[in-house]
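Now for the letters of each chain:
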Amino acid sequence: MGRTTIQRRLTLLFGITIVLVVALVGWLVSRQMSTEMLLQAKRTGIALAAGIAASSSNDFYNYNYVALEQNAEEAARDPEIAYVVLYDKEGTVAAFSGQGKPDVEKAFPPLNEKDLKGVETSVVVGLVSDYDRRGFDILTAVTMPGSGARWGSVRLGLKLDRMYLEIQRTRVFIFLLGLIGAFLGWVLAATFTRRITVPLKDLVNATVEVSEGKYDVDLSISTGDEVQDLAENFQQMVSRIKEGREALEANLKEIRDLKHFSDLIILSITNGLMTLDETGRIVTFNRKAEEILAVTSDEVLGKSPDSVWGRDHEISHFAREGFVNGGTVSGRELQLTVAGVPLIVELTTSPIIEVGGLAMGLLVLFDDLTEKKALEDRVRRADRLAAMGTLAAGLAHEIKNPLTAVRAFVQMFPGKYEKEEFRDKFNRIVPKELDRVNGLLEDLLDLVRKPRLRINALKAYDVIDHVLESLEPEIDKRNVQVSCLNKEAGHEVLADESYLVRAVHNVVLNAIQAMPAGGFLTIDTISVATADGKDMVEITVTDTGPGIPAEQVDDIFNPFFTSKEKGTGLGLAVTNKIIEDQGGDVRVQSERAQGTAFTISLPSS
């Protein structure tokens, strides 16, 4: 069934209401008018009957039936009177307006005792005799003035045809008037509802247009009431919606552009990139990741690393570890076999965190180090070859001098052996030169062989004090002032005592020798934490010597590099090797005319 409009509903409702009201009012007016007209006719009939009774009272008293007959005939001449019957005091007909009719007694029988009692007038509505139509049958008593005795009765038949005709006419008039009123009311209702519903229909059409995205609506409603206010408010609301939509569209375009740009960045980044949501499922997988891991994004998106590579795969384990460790794992190298090809991959993870600090997932970066590692190996081989060349040249130079001396003594030995002075000199110089060669070879062996370390927890300043005590003559000889900082902290390191004493001895001795005219030697120990969370102890030895030229700083740890006249250039190389073998490192900072600082870093116990 189709939907009707509010205009039709209101018009029908108001129209029916008006018709019902008009019909009710017409019925009430017609009913009241009929009642009043009947009452007026009744009063008229009673008055006529009373007048006949008054004019006939003497005739009744004198028994003048002829006069009574005349009175009845005279009264019956009124067209509204159907008949006049006069009864004597016994209730018998004494006179009749239609005197001589054979059916008088049948039509008007004598009055009964009930009718003869009292003097009150009775009115009966119904068919009247000799008329056979509706009328008033009025019976009133005839009494003498000053006497309450009943001398007779007057019976009057009053016709109601004219009155009913007037009532009918009046009813027709009222009906027509009501019909006109109902029609006018219906027209007014239609006009009134149209005044309300047409603007509402315009509003409805406007809302439909707005819902379809048409915001350029023009509502010209001038009803001067709440409907106009509603239209104006709706127009303002649509304007704000249009402005808001335009702003949203601009923001959406900007967001789309930014997303497109960020997608291009992710796809174009030179590292492999994978992101996981808070449930551990892959939501981003760029082209470089596809290239490194030999899988497409369609194969992995929406899945967990366990379901893609298996729970025991290094990447799956790495992703789980990233979630467990708060999302941060830095620079982890993994050995992977992808499509039968061995790869070295460096992985780094970082948590994806909202502004409020809530973790929303995990960011995983891949970097294929296979070619880089191969290149580094080639560089290291080249460096080793270069170092071996430098080492060979240095070794040849260092061995050549003592061997030259030994060779000279050996050549002179047959001719000068008999001389005691030559033998004493031979026994003094040759063993010393051979020991020099042996020491040089021992230092070289320390550089290349893997030491057998006995790692223990050592107090850093116990080692430092031992070294300072052994070098006390050299310190006094050069007038060097020594300061030890943070000694009371009692920092402990994990190291081999003999090797650590040797390394610290080389560094402190270099610092002392750098100040031939005296100066200040400062030794400090502190605890630090590295980027990967390791606890380390740093031993810093600072001198106030002339410093190391900038061009020589990168070479000081190379074997046989030295700026001393009698140095071999193996001390710092051996020191660096000792510290690296124990899980530490040696760093140097130097500035011309300001001094040099060597820092030995070792694991804390």
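Keep in mind it's a predicted model, so treat the numbers as computed, not measured.

About the cut-offs
Residues numbered from 1 in each chain as written. Predicted model: local features only at pLDDT ≥ 70, side-chain atom pairs only at ≥ 80, totals over all residues. Heavy atoms only, no water. Phe/Tyr/Trp six-rings, centres within 6.5 Å; stacked < 30°, edge-to-face > 60°. Helix = DSSP H or I, 4+ residues; strand = E, 2+ residues; numbered from the N terminus. Lys NZ or Arg CZ within 6 Å of the ring centre and 35° of its normal. Axes fitted to C-alpha atoms, helices over the stretch in contact; angles between N-to-C directions. Parallel < 35°, antiparallel > 145°, perpendicular 65-115°, else oblique. Left-handed = near helix turned anticlockwise from the far one by under 90°. Contact = heavy atoms within 4.5 Å. Pairing = 2+ DSSP bridges. Core = buried A, V, L, I, M, F, W, Y, C linked by side-chain atoms within 4.5 Å. Buried < 20%, exposed > 50% of the residue type's maximum accessible area, 1.4 Å probe, protein only. Salt bridge = Lys/Arg side-chain N within 4 Å of Asp/Glu carboxyl O.

Visitor: Help me understand the packing of aromatic side chains in this model?
Guide: How two aromatic rings sit relative to each other is given by the distance of their centres and the angle of their planes. Enumeration over the complete set of coordinates arrives at one aromatic pair. Centre to centre, the rings of Phe 285 and Trp 309 are 6.4 Å apart; their planes meet at 40°, and the pair counts as tilted. Here Trp 309 lies in helix α9 (residues 305-309) and Phe 285 lies in strand β7 (residues 282-285), a separation of 24 residues in the sequence. Sitting over the ring of Trp 151, Lys 89 keeps its end group 4.7 Å from the ring centre.

Visitor: Before we go on, may I ask you to explain the packing of helix α13 (residues 460-470) against helix α15 (residues 497-513) in this structure?
Guide: Helices that pack against each other are described as a pair by the angle of their axes relative to one another and the distance between those axes. Running from amino to carboxyl end, α13 crosses α15 at an angle of 55°, the nearest separation of the two axes being 9 Å. It follows from the interaxial angle that α13 and α15 lie oblique. Remark: the crossing between α13 and α15 carries right-handed chirality. Judged by residue contacts, Val 463, His 466, Val 467, Leu 468 and Ser 470 of α13 engage Leu 500, Val 501, Val 504, His 505 and Val 508 from α15.

Visitor: Could you clarify how one ought to interpret the sheet that holds strand β17 (residues 595-603) in this entry?
Guide: Within a sheet, each strand pairs with its neighbour through backbone hydrogen bonds, oriented either parallel or antiparallel. Taking strand neighbours across the sheet as the criterion, the five strands line up as β12-β14-β15-β17-β16 in an open arrangement whose pairing is mixed. The open sheet has two free edges, formed respectively by β12 (480-485) and β16 (585-591), since each of these has just one partner strand. With direction set aside, neighbouring strand axes in the sheet form an average angle of 15°. The strands that α15 touches are β12, β14 (519-529), β15 (535-542) and β17; relative to β17, the one it contacts most, it runs at about 170°.

Visitor: Which parts of the structure should I look at to understand the side chain of Ser 97?
Guide: Structurally, Ser 97 is set in the loop between β2 (93-96) and α3 (104-107). Each residue touching Ser 97, except ones within four places of it in the same chain, is listed here: Ala 72, Glu 73, Ala 76, Tyr 83 and Val 84.

Visitor: Sorry if this is basic, but what is going on with the environment of Asn 71 here?
Guide: Here Asn 71 shows up in helix α2 (residues 65-76). For Asn 71 and Ala 95, which are 24 residues apart along the polypeptide, the C-alpha to C-alpha distance reads 8.7 Å. Contact partners of Asn 71, with chain neighbours within four places excluded, come to Ser 55, Ser 56 and Asp 59.

Visitor: Just checking my understanding: could you explain the nonpolar core for this structure?
Guide: If you look at the biggest cluster of nonpolar residues, it comprises 37 residues, and the most contacted ones within it are Leu 500, Val 508, Leu 521, Phe 598 and Ile 600. Mapped by element, the contributors of at least two residues to this core are α13, β13 (492-495), α15, β14, β15, α17 (571-581), β16 and β17. Broken down by element, this core gets its largest block of residues, eight residues, from α15.

Visitor: Even after reading the chapter, I still don't get the pattern of salt bridges, so can you show me in this structure?
Guide: Two side chains of opposite charge can pair, provided their charged atoms sit close to one another. Evaluation of the coordinates by the stated rule reveals eleven salt bridges. Glu 474 is the salt-bridge partner of Arg 478, the closest N and O atoms lying 2.9 Å from each other. Judged by relative accessible area, Arg 478 falls into the buried class, the value being 18%. The salt bridge involving Glu 538 is made with Arg 587; its shortest N-O contact spans 2.9 Å. Of this pair, Glu 538 sits in strand β15 while Arg 587 sits in strand β16, and the two are 49 residues apart along the sequence. For Glu 538, a relative accessible area of 14% gives the class buried. With a relative accessible area of 37%, Arg 587 lands in the partly exposed category. Put simply, Glu 538, Asp 585 and Arg 587 are held in one network by salt bridges that share partners.

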